[in-house]
Amino acid sequence: MTQEKIIVNPNGDTPLNGMLTLPETDKPCPAVVFVHGSGGSDMDSKVYAVRPFKDLAEGLAARGIASIRHDKRTFVISKEQMKTIGGDFTIWHESIEDALQAANMLRNDPRVDPNKVFLAGLSLGGHIAPRIHAQGGNFAGLIIMAGTPRRLEDVMKAQAADQVAQLPRILKGIAKKQTAAFHAKLEGLYDMPDEEAKRTNFLGKYNKLYYLKDLGKKTPEDYLQGSTTPVFVMQGDGDFHVSVEEDFNDYRRILANHPDATFKLYAGLNHVFMPMVHGKITKAKAEYSKPQQVVEDVIEDIAQWVMQR
């Protein structure tokens, strides 16, 4: 394979380092754009000792599929830039605009088949994949990896409840007060005037409620209704960030009448499609501190699905 350093959004306020990975082939090939989960991540989506996007990119290249991965904007954006954007910062600034630019870069590369550009979103990236597609992505297919059809704040509430339940008794009281304060901030979110949401913090001084309000105005179900774009929903049953019942199975419900929806639940895999280590949200750091790679079956399944479309 060939790996070429690229810049995504080169003329914008926040140019992003990226990597174009190409297979050895003499004809235009299919390609994938990777979209990150929550938080600031580098192009490999590095979490402690694991690099899922690097594993996926190289594994897909070995199977004839190109890809672009890039640093997430919140990984490189300065505090001054965040202050300037303020409460107007949304998922568009964080991920969508850059995913669309990466897709256009692939379509304009003669080594890529412009009609076979796919999107693979991990976690939050999977949640917003239908929105990216609807806002100009025009992808040949969507790969939702450990995504959720729930609103982000509902997932955060559920994760907080899991953490509280797993804490020692002496810490539970403090944690419950903190989660109660977070819940109180979210009350009436979608009835809140935009300007109020733009100046109200929810996590730290740079994260405003308007981010959640904008993200939750339309759910993935809203974007998927009536769509005929191929969708591949995949999740590990050892994932403690999202739920088999509330997320994977709800995608099954949402896409029950879809003409080309594929579902795969992987036994014993965690949120980044590697073998589960601890399986507890309170041990997330330890879970991802063991050096591992995305399992080959996952990469092979993605490759076969892409090649068949």
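See the structure shown above.
Residues numbered from 1 in each chain as written. Predicted model: local features only at pLDDT ≥ 70, side-chain atom pairs only at ≥ 80, totals over all residues. Heavy atoms only, no water.

Asks: Looking at this structure, how should I read the packing of aromatic side chains?
Replies: Describing an aromatic ring pair means giving the distance of the ring centres and the angle of the ring planes. Scanning all chains against the criterion turns up seven aromatic pairs. Arranged with centres 5.7 Å apart and planes meeting at 35 degrees, the rings of Phe 232 and Trp 305 form a pair that is tilted. Separated by 73 residues along the polypeptide, Phe 232 in strand S9 (residues 231-236) and Trp 305 in helix H13 (residues 296-307) bring together distant segments of the chain. Given the relative accessible area of 4%, Trp 305 is considered buried. With 6.2 Å between their ring centres and 85 degrees between their planes, Phe 248 and Phe 263 make a pair best called edge-to-face. On the criterion of sequence distance, the pair formed by Phe 248 in helix H11 (residues 244-254) and Phe 263 in strand S10 (residues 261-266) is long-range, its members being 15 residues apart. The class for Phe 248 is buried, based on a relative accessible area of 2%. Aromatic rings pair up to connect Phe 118, Phe 232 and Trp 305 into one cluster. The positively charged end of Arg 107 is found above the aromatic ring belonging to Phe 139, 5.6 Å away from the centroid. (Phe/Tyr/Trp six-rings, centres within 6.5 Å; stacked < 30°, edge-to-face > 60°. Helix = DSSP H or I, 4+ residues; strand = E, 2+ residues; numbered from the N terminus. Buried < 20%, exposed > 50% of the residue type's maximum accessible area, 1.4 Å probe, protein only. Lys NZ or Arg CZ within 6 Å of the ring centre and 35° of its normal.)

Asks: Quick question: what am I supposed to make of H13 here?
Replies: Note on helix geometry: an α-helix contains 3.6 residues per turn, so any two residues three or four positions apart are oriented the same way. The terminal C-alpha atoms of H13, which comprises 12 residues, lie 16 Å apart, in line with the 16 Å expected from a rise of 1.5 Å per residue. Where H13 is concerned, the buried positions are Val 298, Ile 299, Asp 301, Ile 302, Ala 303, Trp 305 and Val 306. Considering only its buried residues, H13 is in contact with strand S3 (29-35), helix H1 (52-61), strand S5 (112-122), strand S6 (142-145), S9 and S10. (Expected span 1.5 Å × (residues − 1). Contact = heavy atoms within 4.5 Å.)

Asks: Would you mind going over a nonpolar patch on the surface with me for this structure?
Replies: Taken together, the side chains of Ile 170, Leu 171 and Ile 174 present a nonpolar region at the surface, about 320 Å² in accessible area. Tracing the backbone shows Ile 170 in helix H7 (residues 169-186). Assessed through its relative accessible area of 72%, Ile 170 is described here as exposed. (Patch = residues over 30% accessible without salt bridge, like charges linked within 9 Å, V, L, I, M, F, W, Y side chains within 5 Å. Areas by Shrake-Rupley, 256 points an atom, 1.4 Å probe, with all protein chains shown as cover. Salt bridge = Lys/Arg side-chain N within 4 Å of Asp/Glu carboxyl O.)

Asks: Looking at this structure, how should I read empty space enclosed by the protein?
Replies: Empty space among the atoms becomes apparent when a probe as large as a water molecule is rolled across them. Under the criterion given, the structure shown has two cavities of 30 Å³ or more. Taken as a whole, the largest cavity spans an internal volume of roughly 50 Å³. If you trace the largest cavity, you find it lined by Phe 34, Val 35, His 36, His 70, Lys 72, Glu 94, Ser 95, Asp 98 and Ala 99. Those elements that place two or more of their residues in the lining of the largest cavity are S3 and helix H4 (91-107). When residues of the lining of the largest cavity are assigned to their parent elements, the largest contribution, four residues, is made by H4. When its residues are assigned to classes, the lining of the largest cavity shows three nonpolar, three polar and three charged. The calculated volume of the second largest cavity comes to roughly 40 Å³. For the second largest cavity, the full set of lining residues is His 127, Ile 128, Arg 131, Leu 215, Lys 218, Thr 219, Pro 220 and Tyr 223. Listed by contribution, the elements that provide at least two residues to the lining of the second largest cavity are helix H5 (124-137) and helix H10 (220-224). (1 Å grid on protein atoms, 1.4 Å probe; cavity = no way out; pocket = protein on both sides within 12 Å on 5 of 7 lines; lining within 4 Å. Points joined across faces, edges and corners; volume = space filled by probe spheres on them. Nonpolar A, V, L, I, M, F, W, Y, C, P; charged D, E, K, R; others polar.)

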